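In case you want the letters, here they are:
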Amino acid sequence: MKKFTQNIILIFLGFSSVLSGQDTTSIATENIQVIRNYEAIIQQAKQKKIGVEKADEQLVPINYSYNLKSEVDLDFDRPDPIIRPKTYKVPDPTNNDLKDGRIYGGYGNLSTLKLGGAYHYYIEDWVEAGFKVDHHSAADQSVDFQKYANTDGHLYLGYFLSNKTKATLEFRGGNSKHYSPAMANVQDSIIQHNFNNQGATLGLSVNAFDHLGLSLRTRFSYDRIKQTNDDVQENRLRGELNLLKKINDNISLEVPAEISRYSFSTPLDTSFDKTYNDVQLSPFIRFKDNRFNVYGGLEIIATRDKTFYFPVFKFEMEDVFEEVDVSLFTESKYKRNNVFELSGIIPYYLSVVSPLNPNYDRSFNLNLKRNSGHAVFNLQFGYHNYVGDLNVVHAAIFTRPSIRTIDRKAFVISPSIGYNTKQTELNLKLDYSVFITVPQEEVFYRPSLYIDFSAAQYLFDRKLKLHQNIAFANSRFIQNDIDATTTLNSYVDLSVGFDFRVNNTISLFAQGTNLLANNYELWLGHPVFERQIWAGLKFDL
């Protein structure tokens, strides 16, 4: 009966494999190694400490708690999986049965609240399940700008159809609410923004074609988000397929493909109803040798608006001169400006007058890296070509600021220094942008200079962690009226905190943000919190 059920499930999931792709666990064979989301979960959960690395962005999405360097308390979601041939010497982890979780809670001034919990259950080569819920809110009654609430939930289920095939099912949902001024120059006019979102993903990973050196993962997902005060709804349907073919011990071919369909509608005015289809295809070949790694291919993105072609290339070589590692590579970040993207970035987002055009950043980069004992030195140069980049305009003729886009180019220089030992972590990074083709005063909300310094110290056999962060951004140009250009002042933001592990179950944490109480604005008319102090408990299960 079980075998009959498995065959029925396999037939059903096979129809989605031409559209979609994700992999969430490890199935090792003689020729192929598949790296997936939840291997990282398992390894980190064993250590009772789950963290997230955040990719560098030129435009940092707004965190409504205004903690510029917030540390994620709990996150079982991992980055999208990467498939590589076994010749890349990826470690083959041993997956043991696992039951693990965490509950946390914290409270701060301004009536701020942080609550969350998660649990992860794993039985090797049979079933995997997990859930995560997080809630952050502030309810200070004296300042409308400093009221917000955000709740997110995630449920994951995985089942092995065979020892080389696994099906996954994910559900997610959330609600966010915050306030912002109706007009940039009218401080007593307040609008509440309310967003609801739901989604699900069906995935299938197959490593049954090891005799052909072939691996496959697929994913099919659906998401819906609704802005209640504008009565706007957007649906996103996405299918993904990733195919890996190992040619020999050094060469492999990978073909990731993605199809996305966006539908935007509002009963207030059907003239705003729109539908968009995006197709992304990026075939490339990898070659691995003892001293260098290289891959190359072509990224093709076809949209209703236009078609983009961009070379995919990376060349890495170690110890080129004076123990300096050199990397030459291209990078691209594609997304469509839509409710999903913009509602999490702009606090006064207005759906019905916002563009839904492609947002595409393509860059050519050179990176130099040198290790010296516990220190790591990096120097990166990048040339960026932005199409459809966001440019928020504050014009008095609108009830809320409008969102426009701009095509521009820029050089970005990013030196960084890291120093890490068992007791100390120090990281300093600087981003300096030189705007070209478009004058800097026409590029809104982008600082040309951003500096971030973070430090951490581990004491008492790593039971106590002290952490500090200071960030600086220089002045940013904005448009405050139809043609009037002005600037927002530069700012410095300081935060400190600690985590103390009482035992294997209980930990205490506290954190203070914007401790200098600087009254600055990340967005015009939307001031940050003055000074926040958080404290709470974590319980590891």
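A quick note: this is a predicted structure, and the numbers were derived from the prediction, not measured. (Residues numbered from 1 in each chain as written. Predicted model: local features only at pLDDT ≥ 70, side-chain atom pairs only at ≥ 80, totals over all residues. Heavy atoms only, no water.)

A. Representation of the nonpolar core. In terms of nonpolar packing, the biggest core is built from 29 residues, with Val339, Ile346, Tyr349, Tyr445 and Trp523 touching the most fellow members. Listing elements by their share of this core, those giving two or more residues are strand E12 (251-265), helix H3 (339-342), strand E19 (375-393) and strand E28 (521-523). (Core = buried A, V, L, I, M, F, W, Y, C linked by side-chain atoms within 4.5 Å. Buried < 20%, exposed > 50% of the residue type's maximum accessible area, 1.4 Å probe, protein only. Helix = DSSP H or I, 4+ residues; strand = E, 2+ residues; numbered from the N terminus.)

B. Spotlight on the pairing of strand E18 (residues 358-372). Of the strand pairs in this sheet, strand E17 (residues 324-336) and E18 are connected by 13 bridges, and their pairing is antiparallel. Directly across from Lys335, in E18, lies its bridge partner Asn359. Sheet analysis places E18 next to E19, joined by 13 bridges and oriented antiparallel. Its bridge partner lying in E19, Leu368 is registered against Leu379. (Pairing = 2+ DSSP bridges.)

C. The packing of aromatic side chains, seen in detail. Tallied over the full model, the rule gives nine aromatic pairs. Ring geometry for Phe287 versus Phe292: centroids 6.0 Å apart, planes at 35 degrees, classification tilted. A relative accessible area of 29% means that Phe287 is categorised as partly exposed. Considering the side-chain rings of Tyr491 and Tyr520, the 4.3 Å spacing of their centres and the 5 degrees angle between planes classify their relative orientation as stacked. You can see Tyr491 sitting in strand E26 (residues 491-501) and its partner Tyr520 sitting in the loop between strand E27 (506-513) and E28, a full 29 residues away along the chain. (Phe/Tyr/Trp six-rings, centres within 6.5 Å; stacked < 30°, edge-to-face > 60°.)

D. Structural view of the pattern of salt bridges. Tallied over the entire structure, the rule returns 16 salt bridges. Linking Arg219 and Glu240 is a salt bridge whose minimum nitrogen-to-oxygen distance equals 2.7 Å. One end of the pair, Arg219, is in strand E10 (residues 214-227); the other, Glu240, is in strand E11 (residues 232-246), and 21 residues separate them in sequence. Since its relative accessible area comes to 12%, Arg219 is described here as buried. Note on Glu240: relative accessible area 12%, which makes it buried. Of the charged contacts, one joins Lys314 and Glu316 as a salt bridge, the two residues approaching to 3.2 Å between their closest N and O atoms. (Salt bridge = Lys/Arg side-chain N within 4 Å of Asp/Glu carboxyl O.)

E. Here's a closer look at the environment of Glu128. Relative to the helices and strands, Glu128 resides in strand E6 (residues 127-139). There is a polar contact of 3.1 Å between the side chain of Glu128 and the side chain of His120. (Polar contact = N/O pair within 3.5 Å; in protein donor to acceptor, adjacent residues only side chain to side chain.)

F. Quick peek at the side chain of Ser414. Tracing the backbone through its elements, the reader meets Ser414 in strand E20 (residues 402-420). Within the structure, the side chain of Ser414 is placed 2.6 Å from the side chain of Asp431, a separation counted as a polar contact. Residues within four places of Ser414 in sequence aside, it is in contact with Asn378, Leu379, Gln380, Lys429, Leu430 and Asp431. (Contact = heavy atoms within 4.5 Å.)

G. Here's a closer look at the confidence of the model for the chain. When pLDDT is averaged across the chain, the result is 77; 76% of the residues are at 70 or more. At the level of individual helices and strands, the chain shows its lowest average pLDDT in strand E2 (residues 32-35), which scores 30, and its highest in strand E21 (residues 424-436), which scores 96. Within the model, pLDDT remains below 50 along residues 1-6, and this stretch shows five contacts once partners closer than five positions in the same chain are excluded. Segment residues 8-95 is flagged for pLDDT under 50; beyond a separation of four residues in sequence, or across chains, it makes 245 contacts in the model. (pLDDT = per-residue confidence, 0-100.)

H. How the structure looks around the side chain of Arg336. Mapped onto the elements of the fold, Arg336 is located in strand E17. A polar atom in the side chain of Arg336 sits 3.2 Å from the side chain of Asp305. Here Arg336 is in contact with Tyr262, Tyr276, Asp278, Thr303, Arg304, Asp305, Glu341, Leu356, Asn357, Pro358 and Asn359, once residues within four sequence places are set aside.

I. Inspection of the environment of Tyr156 at higher detail. Relative to the helices and strands, Tyr156 resides in strand E7 (residues 147-162). Sequence spacing of Tyr156 and Glu128 is 28 residues, and the spatial spacing of their C-alpha atoms is 7.9 Å. Polar contacts involving the side chain of Tyr156 include one to the side chain of Lys166, which spans 3.3 Å.

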